[in-house]
Amino acid sequence: MKVFINVKRIDKRRPKVGKIEYSFEKTPETLRELILGIVSDSVDEYNRRFEASEPKEILSEEEISDMSAFGKIAFGINYGEKKADKQKAFETAISAFEDGLFRVFIGETEAEKLDDKIEITEGDEITFIRFTMLAGRLW
């Protein structure tokens, strides 16, 4: 099944949103399954890049401009010393959701509880909104 995933950040530096086509082998029945499925695929992709250790493609002017506005230009190379641990990534993602660091919307409906049933159909838009904390200092 194919859906579209939007990843949004609430901050001024990078307000752009783009649709990414995403395919599920098995349709997730709960929000927990949805999050863990996407995290699993992301960890697999990260580990593939780690093993390849070379950039996938040359960056376009637009990509460089977008990344420079964010403050870091990355070429897709993993400079870390070890692969990502899938179990640790699962725990981190679930903990982040429970702590309110991001929200998930399926269409225009917010998925609020990890183990409640969700309905995803072909072509749905799934939106992840990551909340960023305000930074400042105490006077």
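As shown above, the structure is provided for reference.
Counting starts from 1 at the beginning of each chain's written sequence and moves along it residue by residue. Totals for whole chains, interfaces and linings use all residues, but because this is a predicted model, local features are given only for residues with pLDDT of at least 70 and pairs of side-chain atoms are given and counted only at 80 or more. To obtain the side-chain values, all non-hydrogen atoms of the structure were included, while hydrogens and water were left out.

### Here we look at the packing of aromatic side chains
- Planes of paired rings set the category: under 30 degrees apart is stacked, over 60 is edge-to-face and the rest tilted, where pairs are Phe, Tyr or Trp rings (Trp by its six-membered ring) whose centres lie within 6.5 Å. By the definition in use, this model includes 3 aromatic pairs.
- Considering the side-chain rings of Tyr 22 and Phe 24, the 5.0 Å spacing of their centres and the 70 degrees angle between planes classify their relative orientation as edge-to-face. One exposure class covers both Tyr 22 and Phe 24, and it is buried.
- An angle of 40 degrees between the planes, with centres 6.1 Å apart, marks the rings of Phe 102 and Phe 128 as tilted. Note that Phe 102 is positioned in strand S3 (residues 102-106) and Phe 128 in strand S5 (residues 125-130), a separation of 26 residues in sequence. Each member of the pair Phe 102 and Phe 128 is classed as buried.
- The rings of Phe 97, Phe 102 and Phe 128 are connected pair by pair, giving a single aromatic cluster. Residue exposure (1.4 Å probe, protein chains only): buried if accessible area is under 20% of the type maximum, exposed if over 50%, otherwise partly exposed. Strands here mean DSSP runs of E at least two residues long; helices mean DSSP runs of H or I at least four residues long; both are numbered from the N terminus.

### Here we look at the layout of surface pockets
- Any residue with an atom within 4 Å of a point lines the site, the site being either a cavity, points on a 1 Å grid over the protein atoms alone where a 1.4 Å probe fits but cannot get out, or a pocket, an open set with protein on both sides within 12 Å along at least 5 of 7 lines. Grid points are joined across faces, edges and corners, and a volume is the space filled by probe spheres set on the points. In this structure, the second largest pocket encloses a volume near 190 Å³.
- Looking at the second largest pocket, the residues that line it are Tyr 22, Ser 23, Phe 24, Glu 25, Lys 26, Thr 27, Pro 28, Glu 33, Gly 37 and Asp 41.
- Elements represented by at least two residues in the lining of the second largest pocket include exactly strand S2 (19-23) and helix H1 (31-52).
- Ranked by residues supplied to the lining of the second largest pocket, first place goes to H1 with 3 residues.
- Looking at side-chain class alone, the lining of the second largest pocket contains 3 nonpolar, 3 polar and 4 charged residues. Under the grouping applied here, Gly and all other residues not named as nonpolar or charged are polar, the nonpolar ones being Ala, Val, Leu, Ile, Met, Phe, Trp, Tyr, Cys and Pro and the charged ones Asp, Glu, Lys and Arg.

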